[in-house]
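Okay, here's what each chain looks like letter by letter:
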Amino acid sequence: MSNKHVISLELNGDAVEFLCEPRQTLLEVLRDILHLTGTKEGCSNGNCGACTVLFNGRPVVSCLVLAMECEDAKIRTIEGVACDGALDEIQNAFLEGAALQCGICTPGFIVQAQALLDENPNPSEDEIRFYLAGNLCRCTGYDKIVRAVQAAAEQRRAATTAG
Amino acid sequence: MAIADKPQYNVIGTRPIRHDGVDKVTGRAMYGADFRMAGLLHGVIVRSPYAHARIKRIDTAKAAALPGVRAVVTSDDLPQHGARQVDLGEGAVSMRHLAANVLTDDKVLYRGHAVAAVAADNVHIAEEAARLVKVEYEPLPPVLDVRAAMQPDAPILNDDVRTVFAGAPEVNADQPTNIAKHLLFEKGNPQEGFAGADLVFEREFDTTMVHQGYIEPHNATALWNADGKVTVWMSTQGSFTAREQTAELLRLPVSSVKVVPMEIGGGFGGKISVYLPPVAALLSRKSGRPVKVIMSRADVFEATGPTPGSHIRLKLGVTKDGKLNAAEAWVAFEAGAYPGSPVGMACMCVFACYDIPHARVEGFDVCVNKPRTNAYRAPGSTQVAFAIETVVDEICTELGVDPVELRLRNASRKGTQRVDGPTFARIGMEETVEAIKASSHYMSLAPQSRSPDKQCGRGVASGFWFNAGLKSSVTATVNADGTVSLIEGSTDIGGTRTSIAMQLAETLGITAEDVHPTVADTEGIGYTDVTGGSRVTFSTGIAAVRAAEDICSILADRAAALWDVPADQTKYENGGVTGPDGKRISFKELAGKLHLVGGPVTGSGISGEESQSGAFGTHCVDVEVDTETGKVQILRYTIAQDAGTAIHPSYVEGQMQGGVVQGIGWALNEEYWYDEQGMRNATFLDYRMPTCYDVPMIETIIVEVPASNHPYGVRGVGEVPICPPPAAIANAIYQATGVRMRQLPMSPPRLLAELLKS
Amino acid sequence: MHSFEYSAPHSLSDAVSLLAQAEGNARPLAGGTDLIDQMQTGRFRPALVIDIKKLPELNVLEFDGDGLHLGAAVPCYRIYGEPRIVQEYSALADACHIIGGVQIQSRASVGGNLCNSGPAADSTPAMIALSAICVIAGPGETRQVPVEEFCTAPGENVLRRGEILAEILFPPRPANSGSHYRRFIPRNEMDIAVVGVGAFVELEDDGQTIKTARIGLGAVAPTPLLAEDLSASLSGKPATDSTFVSAGEAARQIITPITDMRGTAEYRKQITGVLVQRVLATATARARGEPSEYKPGK
């Protein structure tokens, strides 16, 4: 009765294959088949951003992507943000700036912030707030999140200039 | 801004990186929904589409026959409770009500009410099976408004509810009713008080039901093992209360249930009541497999515990020189389907910021066809703060007194008696007002309008929350490398592992990084009350300090043994033990030698403080009102709050900022939008919580008036920041437009309607 | 979610035949941001989902003598990321910039927005203002339908069985013209329009008189509306605030909004007037090449 299909894609830099049904979303496959539970489920209708991942470099809410659509795609999740065991500037800035409380929205914010800084290395506060508006946080009031993104942007720019 | 001469601390007041931080920024932290085990089934709850209906028949045959379905349960599978009352820490509650809220029996009382549940091989099959459960309903007229529900001819939700009178005179005590409680507090002689006032203001207020809005949906995985033991892995604010509720609902000895608290994605009071664990456990018993249930977002809105909407009448009498002389309030709260709203706390909070000689408050807990309400950050206080703080602002306008000055003139202080009886110890209400008065925000010019259709204004408001004490347990073990493993039972929602570890570190004279905190399950640590009531850093902190003191005393003995001197000649101080003849050994060095002198060292501490000193905050906000659309933008926001002593200032600021933004949401747009069929906006799209594009940076001023009943002067900080924002924003809207808003939320249509009237 | 089959055909004709064969029990998937949610909640339960987003015809973004050819599956971020669209079809860029959040804009397309046929779709009033034409492929001849005639009722449109919206054609921008879309929402982002207004304004060479105008209205009737008579009545009028205020007043008279959780009928009437006035002013400023103060949501 099951209509499962093999899907191949690149996940956090690695080639990955899995079996899935058409009705399974990318979010479900990441969490329940590939056991990458860092991507969180907050609403399943695209309104909270907790499940944000990068799909061919663009941020998407993985609850509104069918896994079948991901054939040959490049997917990056929160688990792929840190490189070789070293935290990314954004992750460090979240830690140092206390930009998380319960932490459930944090992976989505970090992935979304990464997309922002890749696209716009020097965003204004207003641009940061607009770009992150699809990610809900109920604990922090956003102040420290916005500041962490500002700090990470500054660090990245400093690293680029130095390099 | 420190008020008293603050002691010098090494760890307290610093900003170490939280211990669980790396796991949470890399996605490794395990939340409830992340838990898995072999053979796991997925459960789905069948819910009522009606706000009020009688269940005539439930047919589960088709659902049970669907391939992949392993179990179906209804209320028939729950033990019967009769009229049993139990106390699960928040006063006596009817077990019938608790059970019926988990799986209802004869009636559904709100849309989303749980009727049955299925478990299947995967969530999709379970969803399909849930669609196949046929429930025959006889719809009944719903009652959705708190005042309508109080009328004698209102539809009655629960046949077994009789009014409980607390302080109020008994009337119709034997009649079925929706009024579950009528309480009355009085101090002084209000009649005389109003007679002695020069001006009397009487106003009415309405607020709608709102939700805590945590991003993580409720979840639970349960395994009913062949030995009769039940284990539950879940997100909860209190693993011990979850265990007690689950055990009581299943009529099991409490020791037969183990709750393993996973990381929790927000709670704010909404993850204390148990909804899923008993159902998951029943499905597990039937299927012989572990069962995981995760609520959808719509379920979270429709079927968990939002906080009550209210109707409030408030009367204040003031003398010409701006002294509040008498106060009266009438407060009716929506309890939701079953009794138990926080109206009692609302009545205790309403006048708490002010020293008013004569006061009287009446409260009503009223059942309506909405989900059973629950705590939400300073439960009950925000609704009444909206009422009193806007009337206080009216008084300021009428008398031409600066809002900060009037508050200083009337502020509660040490010795002020609350309307419900208790007298304040040293508190920091005045200091928070002074802090706002001295802030760069308040001292700056009020914002100027950009154009005629954009009017600006500034508002001020204060708020109060008691802060709970309650019980906590901590154990701590010294490791040979000079670190300490700390075990606690308080689930960590916002960085409390670190604030507890810091207090232990301060007491032992070691660094925060040398303490490794773990939140244990209900079999790994002694009883610990919920993470709520702003109590963890206070009360679990005290337990940690006591555990540290325990260790200090054992280490002093061990050093004595090591040096071969009498035990009364050694003393633990400044991170090590000192002895006779200038002997000194550091904590780290001694830790490495413990195997030579008696072996492992474990300290333990418990706390059971009745209560802690109250917390106060004063806020200042600048708004811009679009007078053609009624939309309000928050331009600038400053909060001053008494934290007693800020253990980790970043997380204190975080609590203040988070509370303010929740308060802004409550003030402007959040509401349960109801029609006869139930809630119509049960999504994050239409239940409009603030995004980061809706708010500015939230400026914080931490005031420190140390509390006398905590070794380091800690006061809880989590709750009071949500109380003042609706009133502060309403007062700013008045300054901008001349319109007084007395309804929450002050959404664009409501504000525009008032603007067009004026 | 219910069980269904998924197919990603390689050509438009394959997609059309798949859709035609499915006898009404299939739905095309472009960005998926509406459809997947509708399947999650059980509103739609198609037996077959046809992924059309990789079809080349549905991904064109080209300018030629006919104007802008926009493939129906082009996601929002590519639209507002194209400087010529921002410049020449500003209303479209404005709309695409506020549909959902950035994550939604990575996937959602204006074709999908149109085919979902919600009364409050953000891009539709903008496209109405820009005189866009829907190019519809199907088992028979390709046909063209003006965008304002595309939606027929909430959730319904002119597509016949087996037809796919392939492209949207925007005529070239005349000289001295500008356009704008904005909506009213209670928050500043992430809401469905309580009212949405798109406007196109073309000025005479003097820059002071309206030559032509075109106003599209969203969330105020069962389908997005072209305010045809009102638009025509603006020709020859001075491009001044008082003209815009009267246009707002007039717009209130032609709408039939409902009351729901997003706003009352009365409120929608009020807001429509305000938005029409503000949108005309911004479109006019753009026609003159003046900077506008517009900021989404604020």
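A quick note: this is a predicted structure, and the numbers were derived from the prediction, not measured.

Novice: In this structure, what is going on with the domain arrangement of chain A? I would like to understand it.
Specialist: When the parts of a complex come together, some accessible area is lost, and that lost area is often taken as the interface size. Residues and elements named next belong to chain A. Segmentation of chain A into domains returns domain 1 (5-80) and domain 2 (89-162). If you average the C-alpha positions of domain 1 and of domain 2, the two centres end up 22 Å apart. The partner domain 2 presents 14 residues to the 13 residues of domain 1 that form the contact. Between domain 1 and domain 2, a total of about 1,000 Å² is buried, with carbon and sulfur atoms accounting for 61% of that surface. The interface formed by domain 1 and domain 2 contains one salt bridge. Put simply, the parts of the chain that give the side of domain 1 that touches domain 2 at least two residues each are strand S3 (52-55) and strand S4 (58-61).

Novice: What is the right way to look at the pattern of salt bridges in this model?
Specialist: When their charged atoms lie close together, side chains carrying opposite charge are able to pair. If you walk through the whole model with that rule in mind, you get 73 salt bridges over all chains. A salt bridge links C:Lys298 to A:Asp126, with the nearest nitrogen and oxygen atoms 3.6 Å apart. You can see C:Lys298 sitting in the segment after helix H11 (265-287) and its partner A:Asp126 sitting in helix H4 (residues 125-131), one on each of two chains. Of the residues examined, C:Lys298 reaches a relative accessible area of 38% and is grouped as partly exposed. You can call A:Asp126 partly exposed: its relative accessible area is 26%. The shortest N-O distance in the salt bridge between B:Lys271 and B:Glu216 comes to 2.8 Å. You can see B:Lys271 sitting in the loop between strand S14 (257-261) and helix H8 (277-287) and its partner B:Glu216 sitting in the loop between strand S11 (199-207) and strand S12 (219-224), a full 55 residues away along the chain. By the burial criterion, B:Lys271 is buried, and B:Glu216 matches it. The network of salt bridges with common partners includes B:Arg18, B:Asp20, B:Lys24, B:Glu263, B:Asp492 and B:Arg497.

Novice: For this particular structure, what's the right way to read the packing of helix H18 (residues 649-668) of chain B against helix H19 (residues 725-737) of chain B?
Specialist: Between two packed helices, what matters for the description is the angle formed by their axes and the separation of those axes. All names here are of chain B. In the contact formed by H18 and H19, the axes pass within 8 Å of each other and the chain directions differ by 55°. What the angle tells us is that H18 and H19 run oblique. Where H18 crosses over H19, the two elements pack in a sense that is right-handed. Facing Val660, Gly663, Ile664, Ala667 and Leu668 of H18, the residues of H19 in contact are Pro725, Pro726 and Ile729.

Novice: Looking at this model, I keep getting lost on the domain arrangement of chain B. Mind explaining?
Specialist: Residue and element names in this part refer to chain B. Structurally, chain B comprises domain 1 (21-28 + 469-607) and domain 2 (380-467 + 612-757). With centres defined by C-alpha atoms, the gap from domain 1 to domain 2 works out at 38 Å. Between domain 1 and domain 2, the contact holds 16 residues from the first and 15 residues from the second. Here domain 1 packs against domain 2, burying approximately 1,200 Å² in sum over the two surfaces, 65% of which is carbon and sulfur. Counting across the domain 1 and domain 2 interface gives zero salt bridges. Across the contact surface, domain 1 and domain 2 share five residue pairs in polar contact (both at pLDDT 80 or more). Within the residue set of the side of domain 1 that touches domain 2, elements represented by two or more residues are helix H15 (496-508) and helix H16 (536-563). The element best represented in the side of domain 1 that touches domain 2 is H15, accounting for six residues. Its residues assigned to classes, the side of domain 1 that touches domain 2 shows four nonpolar, ten polar and two charged.

So, how was this worked out
- Residues numbered from 1 in each chain as written.
- Chains lettered and ligands numbered in written order.
- Predicted model: local features only at pLDDT ≥ 70, side-chain atom pairs only at ≥ 80, totals over all residues.
- Heavy atoms only, no water.
- Domains from an automatic or database assignment.
- Contact = heavy atoms within 4.5 Å.
- Buried area = accessible area lost by both parts, 1.4 Å probe.
- Salt bridge = Lys/Arg side-chain N within 4 Å of Asp/Glu carboxyl O.
- Helix = DSSP H or I, 4+ residues; strand = E, 2+ residues; numbered from the N terminus.
- Buried < 20%, exposed > 50% of the residue type's maximum accessible area, 1.4 Å probe, protein only.
- Axes fitted to C-alpha atoms, helices over the stretch in contact; angles between N-to-C directions.
- Parallel < 35°, antiparallel > 145°, perpendicular 65-115°, else oblique.
- Left-handed = near helix turned anticlockwise from the far one by under 90°.
- Polar contact = N/O pair within 3.5 Å; in protein donor to acceptor, adjacent residues only side chain to side chain.
- Nonpolar A, V, L, I, M, F, W, Y, C, P; charged D, E, K, R; others polar.

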